[in-house]
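A closer look at the structure
For reference, the chains in residue letters:
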Amino acid sequence: MAGASISITSRRLKASSAPALLVSAKMAAIGRASQNLLKSAALTQSRQLSAAAAHGEQAAKTWKILSFVVALPGVAVCMLNTYLRIQQHSHEQPEFVPYSHLRIRSKRFPWGDGNKSLFHNSHVNALPDGYEHHDH
């Protein structure tokens, strides 16, 4: 009777392992197929990258030439324009007009004398009662 139970158990194992072998064979086939797809995609991508590398070198050379021929002279012209405009500019302060809606001080600033803003420039910014007088 013991021999019969062993043979029945071995039959059950063989019967139950057949679907498991089939599933593992399918999984292995799917794994091989996905590896092949990844290899072909990587090969295609490397071919495209090597073709683009030649184009990239030419593009880099073009941008380098444009930087030196167009961008740097453009910056120089803008600097010259700014310098010439500053030379023509009059350095006089505009007339102070005490508009009631400007320079309102409802409370004092917590720095200095409390009347000047944090980035106060005495040549440009007026106080509520007018410009500060400095002789140059």
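These figures come from a predicted structure and were not determined experimentally.

Some words on the overall build of the protein chain
Secondary structure summary: the protein chain contains one helix and zero strands in total. Within the span of the protein chain, comprising 136 residues, buried residues form 5% of the whole. By element, 64% of the accessible surface of the protein chain is carried by carbon and sulfur atoms, the whole surface being about 12200 Å².

Topic: the pattern of salt bridges
Summed over all chains, the structure comprises one salt bridge. One salt bridge connects Lys116 with Glu132, and the closest N-O pair in it is separated by 3.3 Å. Separated by 16 residues along the polypeptide, Lys116 in the segment after helix H1 (2-88) and Glu132 in the segment after H1 bring together distant segments of the chain.

With respect to a nonpolar patch on the surface
Taken together, the side chains of Trp63, Ile65, Leu66, Phe68, Val69, Val70 and Leu72 present a nonpolar region at the surface, about 760 Å² in accessible area. Its location among the elements puts Leu72 in helix H1.

A word on the packing of aromatic side chains
In this structure the tally under the stated criterion is two aromatic pairs. When the ring of Phe96 is compared with that of Tyr131, the centres are 6.1 Å apart and the planes differ by 75 degrees; the resulting orientation is edge-to-face. Highlighted residues: Phe96 in the segment after H1 and Tyr131 in the segment after H1, separated in sequence by 35 residues. Arranged with centres 5.2 Å apart and planes meeting at 20 degrees, the rings of Phe109 and Trp111 form a pair that is stacked. With a relative accessible area of 27%, Phe109 lands in the partly exposed category.

Conventions adopted
- Every residue gets a number counted from 1 within its own chain, in the order that chain's sequence is written.
- Where local features are concerned, this predicted model is filtered to residues with pLDDT of at least 70; where side-chain atom pairs are given and counted, the filter is 80 or more; whole-chain, interface and lining totals use all residues.
- Excluded from the side-chain calculations are hydrogens and water; all other atoms, namely the structure's heavy atoms, are used.
- Only runs of H or I of at least four residues qualify as helices and only runs of E of at least two qualify as strands under DSSP, and these elements are numbered from the N terminus.
- Buried residues are those whose accessible area, probed at 1.4 Å on protein chains only, stays under 20% of the maximum for their type, while exposed residues exceed 50% and partly exposed ones sit between those limits.
- Throughout, the Shrake-Rupley method with a 1.4 Å probe supplies accessible areas, and for residues the shown protein chains are the sole cover considered.
- The rule for a salt bridge is simple: a side-chain nitrogen of Lys or Arg has to be within 4 Å of a carboxyl oxygen of Asp or Glu.
- Within this analysis, patches are made of residues with over 30% relative accessible area and no salt bridge. Like charges are joined at 9 Å or less; nonpolar side chains (Val, Leu, Ile, Met, Phe, Trp, Tyr) at 5 Å or less.
- Side-chain rings of Phe, Tyr and Trp, where Trp is taken by its six-membered ring, are said to pair if the distance between their centres is within 6.5 Å; with planes under 30 degrees apart they count as stacked, over 60 as edge-to-face, and otherwise as tilted.

Read these as geometric descriptors, not functional statements.
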